[in-house]
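Each chain, letter by letter, is given below.
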Amino acid sequence: MTVTIKDVAKEAGVSIATVSRIINKQAGYGKMTEQNVLAAIKQLGYTPNALARGLVGRETKTIGVIMPKVSGLFSAKLLEGIDKEARRRGFSVFVSHTQVNEGHALKDLQVFREKQVDGVIYISDELTPPQEDLLMDMKVPVILVATRSLRMNFPYVKVDDEQAMYDGTTYLIDQGHREIAFIGGENNDAIAGGPRDRGFRRAMADATIPVNELLIYYGNYQFESGVDGLHAFLASGDPFTAVATVSDETAIGVLSACWTAGLSVPEDVSVLGYDNTKAAVMAIPPLTTISQPLDAMGGRAVEQLLKLREHEEYDFKQTETPHSLSTTMLHQLKLRETIKRINREV
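In short, a report on the structure. Each chain carries its own residue numbering, running from 1 in the direction its sequence is written. Selection of residues for local features in this predicted model requires a pLDDT of at least 70, selection of side-chain atom pairs for listing and counting requires 80 or more, and totals for whole chains, interfaces and linings are taken over all residues. Only hydrogens and water are set aside when side-chain values are computed; all heavy atoms of the structure are taken into account.

1. Description of the overall build of the chain
For the chain, the count of helices and strands is 13 helices and twelve strands. Burial here depends on accessible area, computed with a 1.4 Å probe over protein chains only, as a share of the maximum for the residue type. Under 20% is buried, over 50% is exposed, and the range in between is partly exposed. Taking all 346 residues of the chain together, 49% fall into the buried category. A separation threshold of at least 6 residues defines the contact pool for the chain, and within that pool the share at least 24 residues apart is 71%. Computed with a 1.4 Å probe, the accessible areas rest on the Shrake-Rupley method; for each residue, only the protein chains presented here act as cover. Carbon and sulfur atoms make up 51% of the accessible area of the chain, which amounts to about 16,700 Å² in all. The helix and strand labels rest on DSSP assignments: H or I over at least four residues marks a helix, E over at least two residues marks a strand, and numbering proceeds from the N terminus. A contact between two residues is defined here by any heavy atoms of the two lying within 4.5 Å.

2. Describing the side chain of Thr288
By secondary structure assignment, the location of Thr288 is in strand S10 (residues 288–291). Relative accessible area serves as the criterion here: at 2%, Thr288 is assigned to the buried category. Each polar contact in these results corresponds to two N or O atoms within 3.5 Å; when the atoms are within protein, one needs to be able to donate a hydrogen and the other to accept it, and residues that are neighboring in sequence are counted only if both atoms are side-chain atoms. Separated by 2.7 Å, the side chain of Thr288 and the backbone nitrogen of Arg336 make a polar contact.

3. Observations concerning the nonpolar core
In these notes, a set of buried Ala, Val, Leu, Ile, Met, Phe, Trp, Tyr and Cys residues joined through side-chain atoms within 4.5 Å is what counts as a nonpolar core. Membership of the largest hydrophobic core comes to 42 residues, with the highest contact counts inside it found for Ile63, Ile121, Ile123, Val145 and Met297. Residue ranges assigned to each domain were obtained from an automatic or database domain assignment. Taken domain by domain, this core gets at least three of its residues from each of domain 2 (62–158 + 294–329) and domain 3 (161–292).

4. With respect to the sheet that holds strand S6 (residues 180–184)
Any two strands with at least two DSSP-identified bridges between them are counted as paired. What the six strands build is an open sheet, ordered S7-S6-S8-S9-S10-S12; its pairing is mixed. In this open sheet, the two edge strands, each paired with only one partner strand, are strand S7 (216–218) and strand S12 (332–334). Strand-to-strand, the axes of this sheet are offset by a mean angle of 20 degrees, without reference to chain direction. For strand S8 (residues 242–245) and strand S9 (residues 270–275), the ladder comprises three bridges, and the chain directions are parallel. Bridge pairing in S9 links Ala242 to Ser270. To define axes, lines are fitted to C-alpha atoms, for helices over the stretch in contact only, and angles between the resulting N-to-C directions are given on a 0 to 180 degree scale. In this fold helix H10 (residues 223–236) packs onto S6, S7 and S8, with an angle of close to 145 degrees to the strand it touches most, S6. Most of the contacts of helix H11 (residues 248–260) go to S9, to which it runs at about 155 degrees, and overall it touches S6, S8, S9 and S10.

5. Quick word on the pattern of salt bridges
Whenever a carboxyl oxygen of Asp or Glu lies within 4 Å of a side-chain nitrogen of Lys or Arg, that contact is scored as a salt bridge. The full count for this structure, using the stated rule, is 13 salt bridges. Close ionic contact of Asp161 with Arg196 constitutes a salt bridge, the shortest N to O distance being 2.8 Å. With Asp161 in helix H8 (residues 161–174) and Arg196 in helix H9 (residues 193–206), this pair connects stretches of sequence that are 35 residues apart. A residue is classified by how much of its surface remains accessible, and Asp161, at 4% relative accessible area, is buried. Residue class for Arg196 comes out buried when judged on its relative accessible area of 6%. Two residues, Glu213 and Arg201, come together in a salt bridge whose shortest N-O distance is 2.8 Å. Of this pair, Glu213 sits in the loop between H9 and S7 while Arg201 sits in helix H9, and the two are twelve residues apart along the sequence. By relative accessible area, Glu213 is classed as partly exposed at 46%. The exposure class of Arg201 is partly exposed, given its relative accessible area of 25%.

See below:
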């Protein structure tokens, strides 16, 4: 039976990359580690060939980032965190912003494979089966950010969207709001839209407040969804005192539509956003929003990606997965000036 570099790594209790560095006399390991690896090589009778020495553990010091259907407001902070942590660790970042269709994302993943990136970070959108299959074929570590796969066991970094929307809606209720409208994401979005919808409905149910389906509107996280949603609520004729939304862009669309309709925020309508992008701070009035720690999420993704690469754990089809690398980040509520307290008589 042929002894492989993986056998040596297992025997010495180190990663394949560490064995490769020692074989190639590169830096990045201690004297004791070197002695253990050399002892394992001798004990197992491992003989590295020249081609293997050239290929195993090779790094291009690059990370590919795929961002399908992600707004600039959302992606800026994520990319800032990714780029900062990657540079700190000596890596460069290739970014693909493929908003058009799945074919573009597949083409860009093919480019990443040709460039031999050391790993891929996939942001926000739900992976399709062809994309997942291609990522598996690339045999590089993959980390998902603000999303997760429902088919493969790719590690991820995200907040608990259902709990985040539950907490945001509960805050509105605690401020005395009962007639609360909701602008959700796409109906078929099982990654973010569905959980946020469930969080809203669960908070209303726990407070024994019935959900008025005429005050529910499903959009696509964009500015236009906020505008169209508010127009739909006004057209329904049903009263509402607050609007909870699934993104800051949508919330800002609500602010704009309120201004056009002659409604004052928060005097006439309170508005809740989601993400805490820079636009939330710049909005007039400044937007109260559910905060995702986007820059920290980007940095954590790079950290986990390189940890995954170090340990060569790429078989995401197994039921036992490297989910110790999956991270659920904590959300917060950023209180600004778009929510009014309603004092109700007991």
